[in-house]
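# Close look at the chain arrangement
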Amino acid sequence: RSSDLYAKHFSLLKYINFKTSVCKVTRRPDFAKTGQWDVVTEMEGEQKSDIFDAILVCSGHHTFPHMPLECFPGIEKFKGQYFHSRDYKEPQVFQGKRIIVIGIGNSGADLAVELSRTASQVFLSTRRGAWVVNRVSNNGYPLDIARFSRFTLKIKGMLPPAVVSQMVEKNLNRRFNHDNFGLKPQHRYFSQHPTINDDLPNCIISGKVLVKANVKRFTETAAVFEDGTVEENIDVVFFATGYSFTFPFIEEPVLKVHNNKVRLYKYVFPPHLEKPTLAVIGLIQPLGAIMPISELQARWATRIFKGLNKLPLVDEMMTDITQKKEKMEKRYVASPRHTIQVDFLPYMDELATLAGV
């Protein structure tokens, strides 16, 4: 695999402890002076403690499956199977089944498409609909290569957001009319993370995937939808309802999470630490690739650790955190998935400026 080749090429394997869990990360008694951390790890049932000068938390945000079963009355009486999308492995075991996929994010759409190849029927249930975007864009280029450029960013900045949304939505509807396919969302394009999928429209128009409203309740064998329709003889339900993230291995005052919200300066540094020796990498959801962003985050973080760059005063960091939070809440549909959104190029520019590159 490419990751193995990369690790071998840069001689990184000697720094990696495989099959090792991080149990606890706490500040040392002299943290205010040294910035050091006590880290307890476990491997093959044995625990050990080490001292580290700095911590990079790279566990991401697809951590704990979110299954809001309380929002679906009757699920406890349902005689079929139900899973979170994270538990899905292969489509063959669902041959001939009637399946409901709840949620139309990237996981839900991918799951519905793949299951439609073996299932008897797939129903894709959505509360708000979604704007569906191709992975492959103009002239066969990947979407981010074709669309995320300095030119498009400049044009976007010159026009009112409503006009830009209208232009994008008109372009997406040229490929397939979202209203005709039952997917037209209640929000504008830039108000929610889009769904990236090339095959979903083909599955819908062929009848392999039927788009349904939100599930109102379940019976022992059926699902009743909010539009009054009922689908009988349901075998399996997949909840593609996202994830929640927490950091149970880190003492709570350092990284306190509430409803997928955590206070981090530039989505990286806790603002109240006496010494900036802990950084979070990759806890963002960009409209674009995450790896280039994570790389820049790591470059900036290590410069802070080494004292080559400095963080601003706590008040300045808190002001920046509050401004970003208010801007996000104004732009996006209220949802746990919209707490760590960033725009690819502007955020990359921000990190590059901070890192001095």
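Everything discussed here concerns the structure shown above.
In this text the structure is predicted, and so the values were computed from the model without any measurement. Residue positions are given per chain, counting from 1 as you read along its sequence in written order. Since the coordinates come from a predicted model, pLDDT governs what is reported: local features require at least 70, and pairs of side-chain atoms require 80 or more to be given and counted, while whole-chain, interface and lining totals use all residues. Remark: hydrogens and water are excluded; side-chain values derive from all non-hydrogen atoms of the structure.

## Remarks on helix H10 (residues 344-355)
- Over its twelve residues, H10 runs 16 Å from end to end, which matches the ideal 16 Å to within 8%, given 1.5 Å per residue.
- Buried within H10 are the following residues: Phe344, Leu345, Tyr347, Met348, Leu351, Ala352 and Ala355. Taken down its axis, H10 places every buried residue within 165° of arc, on the same side.
- It only takes one pair of heavy atoms within 4.5 Å for two residues to be counted as in contact. Helix numbering and strand numbering both begin at the N terminus, where a helix is a DSSP run of H or I of at least 4 residues and a strand a DSSP run of E of at least 2. Contact partners of the buried residues in H10: helix H5 (150-158), helix H8 (291-305) and strand E19 (341-342).
- Within two residues after H10, Gly356 carries a phi angle of roughly 75°, on the positive side. Given a helix with a known number of residues, its expected span is that number minus one, times 1.5 Å. Throughout, exposure labels follow a simple rule: accessible area from a 1.4 Å probe, protein chains only, divided by the maximum for the residue type, with under 20% read as buried, over 50% as exposed, and the rest as partly exposed. What the arc covers is the set of directions going from the helix axis to the C-beta atoms.

## Brief notes about helix H9 (residues 314-331)
- Over its 18 residues, H9 runs 26 Å from end to end, which matches the ideal 26 Å to within 8%, given 1.5 Å per residue.
- Buried residues along H9 sit in contact with E19 and H10.

## Here we look at the packing of aromatic side chains
- Geometry of aromatic contacts follows a simple scheme: Phe, Tyr and Trp rings, the Trp one being its six-membered ring, pair when their centres are within 6.5 Å, and the pair is stacked under 30 degrees between planes, edge-to-face over 60, tilted otherwise. For the coordinates displayed, the defined rule picks out 20 aromatic pairs.
- Measuring from ring centre to ring centre gives 5.1 Å for Phe269 and Trp300, while their planes differ by 85°; the resulting arrangement is edge-to-face. Placement of the pair is Phe269 in the loop between strand E16 (243-244) and strand E17 (278-280) and Trp300 in helix H8, with a sequence separation of 31 residues.
- One aromatic cluster in this structure is built from Phe72, Phe78, Tyr82, Phe218 and Phe239.
- The ring of Phe225 is capped by Lys212, whose NZ or CZ atom sits 4.9 Å from the centre of that ring. Comment: the charge-over-ring label is applied if NZ (Lys) or CZ (Arg) is within 6 Å of the ring centre and within 35 degrees of the ring normal.

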